[in-house]
Each structure stands twice: as C-alpha cells, then as structure tokens.
Amino acid sequence: MSGERAERVAVVVVTYNRADLLRGMLEGLAGLDRAPDAVFVVDNASTDHTREVLGASTLPGLVAIHAGDNLGGAGGFRLGLRTAYEQGYDVMWLMDDDVVPAPDCLTRLLEADGCCLIAVREDRSGALVEKAALRFDLRNPLAIRPKTASIDSTYPSRAAMPATVEVENVAFEGFLVRRAVIDRIGLPDASYFIFYDDVDFAIRARRAGFPIRAVRDAVLVRQLDFDQQHDLAGWKGYYMYRNLFVVHFRYGENLLVRLKPVLIALAVVALSPLRGGRAEARNVSRALRDARAMRTPPER
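Residues numbered from 1 in each chain as written. Predicted model: local features only at pLDDT ≥ 70, side-chain atom pairs only at ≥ 80, totals over all residues. Heavy atoms only, no water.

Draft legend 1. Structural detail: the nonpolar core. Membership of the largest hydrophobic core comes to 38 residues, with the highest contact counts inside it found for Leu94, Phe175 and Val177. Here this core takes 4 residues from helix α3 (residues 72–86), the largest share from any one element. Sequence-distant contacts of valine 177, that is, excluding residues within four places in its chain, are made with Leu81, Asp90, Val91, Met92, Leu94, Cys115, Cys116 and Phe201. With 28 residues, the next largest nonpolar core counts Leu32, Val53, Ala112 and Ala218 among its residues. (Core = buried A, V, L, I, M, F, W, Y, C linked by side-chain atoms within 4.5 Å. Buried < 20%, exposed > 50% of the residue type's maximum accessible area, 1.4 Å probe, protein only. Helix = DSSP H or I, 4+ residues; strand = E, 2+ residues; numbered from the N terminus. Contact = heavy atoms within 4.5 Å.)

Draft legend 2. Region of interest: the state of the cysteines. Taken as a whole and assessed by the stated rule, the structure comprises 0 disulfides. For the unlinked cysteine cysteine 105, the closest cysteine sulfur is that of cysteine 116, found at 16 Å. Here cysteine 105 falls in the buried class, since its relative accessible area comes to 0%. (Disulfide = S-S within 2.5 Å.)

Draft legend 3. Representation of the packing of helix α8 (residues 235–251) against helix α9 (residues 255–271) within the structure. Packing of α8 against α9 leaves a shortest axis separation of 7 Å and a crossing angle of 150°. Between α8 and α9, the crossing angle belongs to the class labelled roughly antiparallel. Crossing angle aside, the handedness with which α8 passes α9 is left-handed. Contacts between α8 and α9 involve Tyr241, Phe245, His248 and Phe249 on the former and, on the latter, Val257, Arg258, Lys260, Pro261, Ile264, Ala265 and Val268. Partitioned by chemical class, the residues of the contact of α8 with α9 number 8 nonpolar, 1 polar and 2 charged. (Axes fitted to C-alpha atoms, helices over the stretch in contact; angles between N-to-C directions. Parallel < 35°, antiparallel > 145°, perpendicular 65-115°, else oblique. Left-handed = near helix turned anticlockwise from the far one by under 90°. Nonpolar A, V, L, I, M, F, W, Y, C, P; charged D, E, K, R; others polar.)

Draft legend 4. Geometry of unusual backbone geometry. Positive phi, close to 55°, is recorded for asparagine 17, a residue that is not glycine. With respect to the secondary-structure elements, asparagine 17 resides in the loop between β1 (9–15) and α1 (19–30).

Draft legend 5. Expanded view of α3. The terminal C-alpha atoms of α3, which comprises 15 residues, lie 21 Å apart, in line with the 21 Å expected from a rise of 1.5 Å per residue. Every buried residue of α3 is listed here: Gly72, Ala74, Gly75, Gly76, Phe77, Leu79, Gly80, Leu81, Thr83 and Ala84. Phi turns positive, to about 90°, at glycine 88, one or two residues after α3. (Expected span 1.5 Å × (residues − 1).)

Draft legend 6. View of the environment of arginine 206. Looking at the element boundaries, arginine 206 is found in helix α7 (residues 197–207). As for arginine 206 and valine 91, which are separated by 115 residues in sequence, their C-alpha atoms are 18 Å apart. Sequence-distant contacts of arginine 206, that is, excluding residues within four places in its chain, are made with Val167, Glu168 and Ile212.

Draft legend 7. View of a nonpolar patch on the surface. A contiguous nonpolar surface patch, about 290 Å² in accessible area, is contributed by Leu255, Leu256 and Leu259. You can see leucine 259 is positioned in helix α9. For leucine 259, a relative accessible area of 38% corresponds to the partly exposed category. (Patch = residues over 30% accessible without salt bridge, like charges linked within 9 Å, V, L, I, M, F, W, Y side chains within 5 Å. Areas by Shrake-Rupley, 256 points an atom, 1.4 Å probe, with all protein chains shown as cover. Salt bridge = Lys/Arg side-chain N within 4 Å of Asp/Glu carboxyl O.)

Structure, rendered in structure tokens:
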C-alpha cells in the first residue's frame, strides 16, 4: 500500500553436515517469487563440504555464519535469529537444510494475518506430513504424549484443510515470526540443544497472546522422510527425554502434569529390561536429573 514501508524479510537456516541438501534448499530460496532481503545460514561447525557450497552460492543476500562449535539446532536458531533481529529485520523465516519451499511459499505466508505463521509441509510425493499439533496438552496428567492431534492426523490432504489452521506447537522448519514476538518473549532457548526448543518458543508465544496459524497454501517440501522413532537408548534419546521433561516442569498447568516426568522415568526404568536396556534407563535417569536443573528458563 502506498506510503507503507515494505517489511524486510530475513531467512534463517541452520545446517550441519548436509551440504548436498543445503545446496538444494538454497536453490529453492533462489526460486522464490518474493525474494527475501537476507539469508543467514548458520553452519554448526560442519566437517563436510558445507563451506564450499556456501562459498559457491550466488544467492543474493546470503550471509554465512560459521559457528566455532556445534550449537545444536536450538543454539543455531538462536544465533541466526538474534543476528537478524539485531540487524533490524521485521520478519524472520526459519528453515532447516532439508526442505525446499514452493516458489510462492513466502508470498502466501506474508499474505496471511498474524505474527506467528507456519508453512505446511509435504513429502516429495505430495502427501501431507505436517506434524504441528492442533492440541498440545499440558493439562491432562493422563496424556502420556502431550501432542494429541496434528495437522496430518486430522486432515487427509492439503485440499481438505481450511485456509488457515490454528496450532499449538511448531517446528523451526518453515516457521515465520515477526519481531514483535521477539520484542515480547525473547529468543529461543539454546540450552535445549536439539528437540523441543521450538515447542518452548511456541508455548511462550501463545501465552503472550500470539496465536500460531498454519497457512494451507504455503507449501514446503521435505527432502527426507520423517524419523520420529529415535533410538531412546542413544544420545538423541537423552535429549528427547530431558527436553520433554523440561517442557512439563516449566509449563505444566497443574502439579500432576509437572510430576509426569518422574512417573515416566520410573516406568522407563522398570520396563528397561524389555525395552532399551540399561542404556535407556541411564538416559532417562540422567534426563530427569538435568531437566530439574533447567526448570527456571535462562535470561532471554
């Protein structure tokens, strides 16, 4: 509209050792019909040919940020978001390195109302794979998994969705946030390292009065299949348990929900001979101890 200043948009990408996927993702950004004003790529100390891919890219506005250490997804997004925010961008669009936006994806997001918006993900076959929760239940102590409904479990296809759908959590993969949100709630919490940093941010945003809407016509294509069943006895399992517990400790809406991590840990230890063995039992015990130390969020 005449007389209004156009919003300045920065894309924030976090990558680690997936140079070939990153190349395809940057090509997707280059094909957007509404080009972003800057693209900040946080390289989490990759050891593959990520630097070469970034150095060879001709994408306008690309800024490579090479972290000295692997900050995890949480630390990478915090660093990239902080950089874009401090440089005065109005809109920040967060991306992983394994997605490719449709040419009109950013246009469709910017057309929608709201300060927190998500693109809707599909796989390479066009099937809906958007995992954002319609309900993330931190009130019912009997809900072992707080995500009780997602977009892809509720709608059989993109065409079956309404134009926008309100959701209660997000993935930092196609999430668009305006600076008013960061003004109010601060940046993502880097202490999560991986998993649930985006859930934490979404809970804080919603509690501050910012609804989160999925925009049906904003298409984001995942290049890899979802692997939600991580090895709970491995290193990722520790973070999945710890960070799930942190979310319950911080945001559980009653005492019973805040006690759920203790009950889950006891059950996992009791069942460990039938499940992941001693390694999973060690993971969940250490996760419970460390989550207690993270009850109070750090300064943001």
